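# An overview of the molecular structure
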Amino acid sequence: MERQEKFAEKLDPKYIMSNKPNPALLAGDVFDEEEVRKDLRRTIKAARSNGLNLEMLLKDISTVKYEPQRLWRWAEIAAEETANAAL
């Protein structure tokens, strides 16, 4: 069981699940979009399975390897995965 699932199971649904995605996903030598998707899907699924509202805060980024487009792409992927989860 991943940290997202453990946290979601313990959180009362009257609260909002706040998740800070792993900033290392943006800092690797290669930006792995599939790993970003897997992390987001796992988090969204954990919140949904436990009847929780979810917020994601991307912060504490120390490097994006001189590729700021990684931040924009992460946001696009997060929007896509959120939309797909709503179906």
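So, here's what we can say about the structure.

Scoring rules and cut-offs
Residues numbered from 1 in each chain as written. Predicted model: local features only at pLDDT ≥ 70, side-chain atom pairs only at ≥ 80, totals over all residues. Heavy atoms only, no water. Helix = DSSP H or I, 4+ residues; strand = E, 2+ residues; numbered from the N terminus. Expected span 1.5 Å × (residues − 1). Buried < 20%, exposed > 50% of the residue type's maximum accessible area, 1.4 Å probe, protein only. Arc of directions from axis to C-beta. Core = buried A, V, L, I, M, F, W, Y, C linked by side-chain atoms within 4.5 Å. Contact = heavy atoms within 4.5 Å. Polar contact = N/O pair within 3.5 Å; in protein donor to acceptor, adjacent residues only side chain to side chain.

## So, helix 4 (residues 69–86)
Its 18 residues place the ends of helix 4 26 Å apart at the C-alpha level, agreeing with the 26 Å of an ideal helix rising 1.5 Å per residue. By the burial criterion, the buried members of helix 4 are Arg-70, Trp-74, Ile-77, Ala-78, Glu-81 and Ala-85. In an axial view of helix 4, the angular spread of the buried residues amounts to 105°, which keeps them on one side of the axis. Helix 4 presents Trp-72 and Ala-86 as exposed residues on the side facing more than 90 degrees away from its buried surface.

## Points about the nonpolar core
As a rule of thumb, soluble globular proteins bury nonpolar side chains together. The biggest cluster of nonpolar side chains holds nine residues, and these are Leu-25, Leu-26, Phe-31, Val-36, Leu-40, Val-64, Trp-74, Ile-77 and Ala-78. Among the secondary structure elements, those contributing two or more residues to this core are helix 2 (24–27), helix 3 (33–49) and helix 4. In this structure, Leu-26 is in contact with Phe-31, Leu-58, Ile-61, Thr-63, Val-64, Arg-70, Leu-71 and Trp-74, ignoring residues within four places of it in sequence. Ranked by size, the runner-up nonpolar core spans six residues in total, among them Leu-11, Ala-46, Ala-47 and Leu-52.

## Observations regarding the environment of Gln-4
Here Gln-4 is to be found in helix 1 (residues 3–10). By relative accessible area, Gln-4 is classed as buried at 3%. Excluding residues that lie within four positions of it along the chain, Gln-4 makes contacts with Met-17, Asn-19, Asp-39, Arg-42, Thr-43 and Ala-46. A polar contact is formed between the side chain of Gln-4 and the side chain of Asp-39, at a distance of 3.1 Å.

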